[in-house]
Amino acid sequence: MAKLKTIALTISSLSAASGAAYAQNATPDQVGMAMMRLNSSLLDQAKAQTFGTGSLWASLRKDFRMNEVNSELVRRHESKFAANGAYFDRTITRSKPYMYHIANEVRKRNMPAEIALLPFIESAFVTKAKSHVGASGLWQFMPATGRHYGLEKTPLYDGRHDVYAATDAALNYLQYLHGLFGDWSLALAAYNWGEGNVGRAVNRARAQGLEPIYENLRMPDETRNYVPKLLAVRNIVANPQTFGMNITEINNQPYFKSLSIDKPIDNSTIARFANISESELLTLNPGFNAPVFIPKNNRRLLLPVDSVASFEKNYRNANPDTLLSWNVYTSRNNTSLNAIAAETGMSVSEIKRLNGLGNNSLSSDRSILVAKNEASNSAAPDALSFIDVDNRPDTYRSNMPEMAPIQTAKANIPTTNFANIKPVAATPTDYVALGKKAVSETLVAQSAPAIEESKVTSAASTVVAKADITAAPAAVQTNSSADLASANVKEERIPEIFAQLAQAESKPAVVEQTAANTTTELTTAQATPAQATETADELMALVDSNLRTQTENTVVAQAASEQNVASDAVKARSERIAANTAKQQSRTEARLARAGNQQQSQTAGAGMHRVADGDTLFNISRRYNLSVADLIIANNIKGNNIRKGQLLRVTAAPAKTRNSIRNVSYTVRRGDTLNTIANRFNVDVNDIRRWNRNTNGVTPGQRLKLIGS
């Protein structure tokens, strides 16, 4: 149903012309179905969700200002979320206790409101979510990064799960990353992938001549989808009805209040004093792994706003000795948990769960938390501080490479038209004011030499040569009447002059022709009327000369600069191509050299065989179509033993006379028979019997005489 609504709303946004063009290519059935979906969407819009003034979503929408990146991926994630609306709304519901605090902290730091939705992507607002690489909490901090930003991890407390502390640390980290890259999309990519990886990706993009923006960086798929997924959530929260969804409303008011207390206190006691359940207490304070709140300077107790008064009253009136029902047990030597359980009245499983133990014994001088009773050897609440300590050093080290600052080419303005957000009306370009401003600045420069020449030249160059009309709308709003009177310029000609200047800047190949045309236009535009006085003529002549000189110098200088940049790029590209060609050629030559060496070795070794693992006289003789006896005779082998690496002649032995026939001996091995020996040496069995005194059998170790043929 969500897909049908999306299609219908898309059709409703088309113009009449595009609708007519579509109708010409569509079948009557397709047109009919589109009209039915359109009618259905209009009925749904009548019941569309609207956010009131007291809604947190309405407040957030006013400060959505991140540019959209990778629109195709954003649309894909929008479709996934819209198709699974139940999951989306469950996640929004889980965010209720935390969303106001996060949004308020983001607003205090003047960060984009999209940052408040980041836990949706990181953890789905599950406070103890843990990733496969070890990141944990709403903001998915790694232990080292969290410790660097003040999040302790002790046996009793994990600051990454602390909503208040982790939110502060995450926003500090994001501000640091934004300071590095100057762009929120890159800062978020660095939050996911690491600043060192993003910094190296930026350097790679620059080396390839690409602008260092999110779309141009080579990054893993998870990071590639990271910001588009956040922007998809932003778009749905901004206009849920566009996607056929209704999301849970959240009031724009605090859900909890943070308190500072000075004594350790049981969770059960806190819940009783605040008149809330322990589960609600743990929802707001998931950072503690033990059933006790241990105060420190950077830790805050979070309670629902309407429960704070009750807790403070009961806490002030309570007996301090009744606040804590736990003691610290410190072992003097290696102690079994069974013995500790017997002393404290707890079970071994309770002790393990409470203190996160995996072994069945406690090492010497180790402290753990146990139930309070007379047998415990420590009863002071201050002893808890010996357990609740993070002794691991801060090992976080940034691997950020050297990187030139990134110049943001455009401001961060919203690209999505959110409902109830009126777009800022564009200020029309005041060409007349621009021309008069340029003339007045030139007149002031000629009449008042005491003014610094650099400032006047800079201003005139910016307005005339650059023609950057939209960059400084405020600078063209103020002109004195004296400036207007002295600048006797035909106003209707000014836009043409600046248009030609802009054209000259964009086409450096025709710099001289454009400069000449511009000079002609300036001269024509500044021609004085017939009734002008001689003083005005002289002033206008000075203006004409000054403007012409500045225009020519600026256009020529910029053309030369652009040509230098282009030539540098071509030279760098040529060098890279030449280097790659040289590398490829060297690799080819090396391969050819190796092939030549192999061929030489094969040629030199013709007629020879080097014994390898598994070689025997029999398989070597079969390979070269020889008999074993010939192989033995050709290589003067004693017995039948050959060794790895031995070189054997494998050419057929020259024909021998009867007198040159030699006797060869063979040592019988286990499993040999006369038949197997005859087959191996390619001789007849009867010959073997005849040569060896008509023997009918063989035994291992026996030596037989064989005569090569």
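Residues numbered from 1 in each chain as written. Predicted model: local features only at pLDDT ≥ 70, side-chain atom pairs only at ≥ 80, totals over all residues. Heavy atoms only, no water.

**Let's talk about the pairing of strand E5 (residues 326–330)**
Basically, it comes down to this: Exposure is judged per residue with a 1.4 Å probe applied to protein chains only, and the accessible area is read against the type maximum: over 50% gives exposed, under 20% gives buried, and values in between give partly exposed. Numbering of helices and strands starts at the N terminus; helices are DSSP runs of H or I of at least 4 residues and strands are runs of E of at least 2. We treat two strands as partners when DSSP finds at least two bridges between them.
The element E5 is largely enclosed, with a buried count of four among its five residues. Taken together, the five bridges between E5 and strand E8 (residues 367–371) define a ladder with antiparallel strand orientation. Considered in E8, the bridge of Asn327 is made with Val370.

**What about unusual backbone geometry?**
Even without glycine at this site, Asn636 takes up a positive phi of about 50 degrees. One can find Asn636 in the loop between helix H27 (628–635) and strand E10 (647–649). Backbone geometry at Arg693 places phi at a positive 60 degrees, although glycine is not the residue there. Here Arg693 lies in the loop between helix H29 (685–691) and strand E12 (703–707). Looking at Arg693, the relative accessible area reads 82%, which means it is exposed.

**Here we look at the packing of helix H10 (residues 163–181) against helix H12 (residues 195–207)**
As a reminder, the rule being used: Interaxial angle, 0 to 180 degrees, is taken between N-to-C directions of lines fitted to C-alpha atoms, where a helix line uses only the stretch in contact. Should an angle lie under 35 degrees it is considered roughly parallel, over 145 roughly antiparallel, and from 65 to 115 roughly perpendicular; all remaining angles are considered oblique. Here is the rule for handedness: rotate from the far helix to the near one, and if that takes an anticlockwise turn smaller than a right angle the crossing is left-handed, while a clockwise turn gives right-handed. The contact rule is simple, with two residues in contact once any of their heavy atoms fall within 4.5 Å. Following the grouping adopted for this structure description, the nonpolar residues are Ala, Val, Leu, Ile, Met, Phe, Trp, Tyr, Cys and Pro, the charged ones are Asp, Glu, Lys and Arg, and the polar ones are all others, Gly among them.
Closest axis-to-axis distance for the H10/H12 pair is 12 Å, and the angle between their directions is 15 degrees. On the basis of their axis angle, the class for H10 and H12 is roughly parallel. Of the two elements, H10 crosses H12, and the hand of that crossing is right-handed. Along the contact surface, H10 presents Tyr173, Tyr176, Leu177, Leu180 and Phe181, while H12 presents Glu195, Val198 and Gly199. Considered class by class, the residues forming the contact of H10 with H12 number six nonpolar, one polar and one charged.

**Concerning H10**
Short version of the rule: A helix is expected to reach a length of 1.5 Å times the quantity of its residues less one. Identification of polar contacts relies on pairs of N or O atoms within 3.5 Å, with a donor-acceptor requirement for protein atoms, meaning one able to donate a hydrogen and the other able to accept it, and with residues adjacent in sequence counted only if both atoms are side-chain atoms.
With 19 residues, H10 extends 27 Å from end C-alpha to end C-alpha; this agrees with the ideal 27 Å at 1.5 Å per step. Taken together, the buried positions of H10 are occupied by Val163, Ala165, Ala166, Thr167, Ala169, Ala170, Leu171, Tyr173, Leu174, Leu177 and Phe181. N-capping of H10 is provided by Asp162, with a side-chain oxygen placed 3.0 Å from the backbone N of Tyr164. Two residues or fewer after H10 comes Gly182, characterised by a positive phi angle close to 70 degrees.

**Details of the confidence of the model for the chain**
Quick reminder of the rule: pLDDT gives the predictor's per-residue confidence on a scale running from 0 to 100.
The share of residues in the chain with pLDDT of 70 or more is 64%, and the mean pLDDT across the chain is 74. Low pLDDT (under 50) marks residues 42–48, which in the prediction has four contacts with non-local residues, meaning those over four places away or in another chain. Contacts of residues 599–604 to residues separated by more than four positions or lying in other chains number zero contacts, the stretch itself having pLDDT below 50.

**Comments concerning the packing of helix H15 (residues 267–274) against helix H17 (residues 308–317)**
Axis separation between H15 and H17 bottoms out at 7 Å; the angle between their running directions is 115 degrees. Facing H15, whose interface residues are Ile270, Phe273 and Ala274, H17 presents Ser310, Phe311, Asn314 and Tyr315. A class-by-class count of the residues in the contact of H15 with H17 yields five nonpolar, two polar and no charged.

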